[in-house]
Amino acid sequence: MTVYQEIFEVIKARKAAFESGTAQENSYTCYLFEKGVDKICKKVGEEAAETIIAAKNGDNHELANEINDLLYHVMVLAAERGLDWSDVERILDERNEKIGNLKQFHTTDKLS
């Protein structure tokens, strides 16, 4: 099991606890589930912007932290929408197996 799968399992457990009314006190993940998809999407957007800023600042330690924050919030969003992390990994595996999947762009001769 990868670290991403392990974290996703914790997120799913927190979602189940939230839905059953037995949410862990002071759980940020449960707080996100309580606030719903709009709040979760807002956090994904914020973390994406912070990831971009970290990349532009050239600080790889900050960038690694922001990427992890972004991935965590994406996982919470996936769990909120009932998408399993294995579905995400399966698609990534399928894309990885494609050979030469660079999109071909049509060129137009603007001089003719």
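In case you missed it, the structure is sitting above this.
Here the structure is a predicted model, which is why all the values come from computation and not from measurement. (Residues numbered from 1 in each chain as written. Predicted model: local features only at pLDDT ≥ 70, side-chain atom pairs only at ≥ 80, totals over all residues. Heavy atoms only, no water.)

Chemist: Report on a nonpolar patch on the surface, specifying residues and quantitative values.
Modeler: Residues Val3, Tyr4 and Ile7 make up a contiguous nonpolar surface patch of about 250 Å² in total accessible area. Tracing the backbone through its elements, the reader meets isoleucine 7 in helix 1 (residues 3-20). Residue class for isoleucine 7 comes out partly exposed when judged on its relative accessible area of 36%. (Patch = residues over 30% accessible without salt bridge, like charges linked within 9 Å, V, L, I, M, F, W, Y side chains within 5 Å. Areas by Shrake-Rupley, 256 points an atom, 1.4 Å probe, with all protein chains shown as cover. Salt bridge = Lys/Arg side-chain N within 4 Å of Asp/Glu carboxyl O. Helix = DSSP H or I, 4+ residues; strand = E, 2+ residues; numbered from the N terminus. Buried < 20%, exposed > 50% of the residue type's maximum accessible area, 1.4 Å probe, protein only.)

Chemist: So what's going on with the packing of aromatic side chains? Residues and values would help.
Modeler: The final tally for this structure, using the stated rule, is 3 aromatic pairs. Arranged with centres 5.9 Å apart and planes meeting at 35 degrees, the rings of phenylalanine 8 and tryptophan 85 form a pair that is tilted. Of this pair, phenylalanine 8 sits in helix 1 while tryptophan 85 sits in helix 5 (residues 85-97), placing them 77 residues apart in sequence. We classify phenylalanine 8 as buried; its relative accessible area is 1%. One aromatic cluster in this structure is built from Tyr28, Tyr31 and Tyr72. (Phe/Tyr/Trp six-rings, centres within 6.5 Å; stacked < 30°, edge-to-face > 60°.)

Chemist: Explain helix 4 (residues 60-80) to me, using residue names and the numbers behind them.
Modeler: End to end, helix 4 covers 30 Å across 21 residues, agreeing with the expected 30 Å (1.5 Å per residue, within 8%). Taken together, the buried positions of helix 4 are occupied by Leu63, Glu66, Tyr72, His73, Met75, Val76, Ala78 and Ala79. Contacts from the buried residues of helix 4 go to helix 1, helix 2 (28-35), helix 3 (37-57) and helix 5. Once helix 4 finishes, glycine 82 follows within two positions and takes phi at roughly 80 degrees, a positive value. (Expected span 1.5 Å × (residues − 1). Contact = heavy atoms within 4.5 Å.)

Chemist: Any details on the side chain of lysine 15? Residues and values, ideally.
Modeler: Mapped onto the fold, lysine 15 is located in helix 1. What makes lysine 15 buried here is its relative accessible area of 16%. Non-local contacts of lysine 15, meaning those with residues more than four positions away in its chain, are made with Phe33, Ala79 and Glu80.

Chemist: An account of the environment of valine 10 is needed here, citing residue identities and associated values.
Modeler: Looking at the secondary structure, you find valine 10 in helix 1. Taking the C-alpha atoms as reference, valine 10 lies 9.4 Å from threonine 29; in sequence the two are 19 residues apart.

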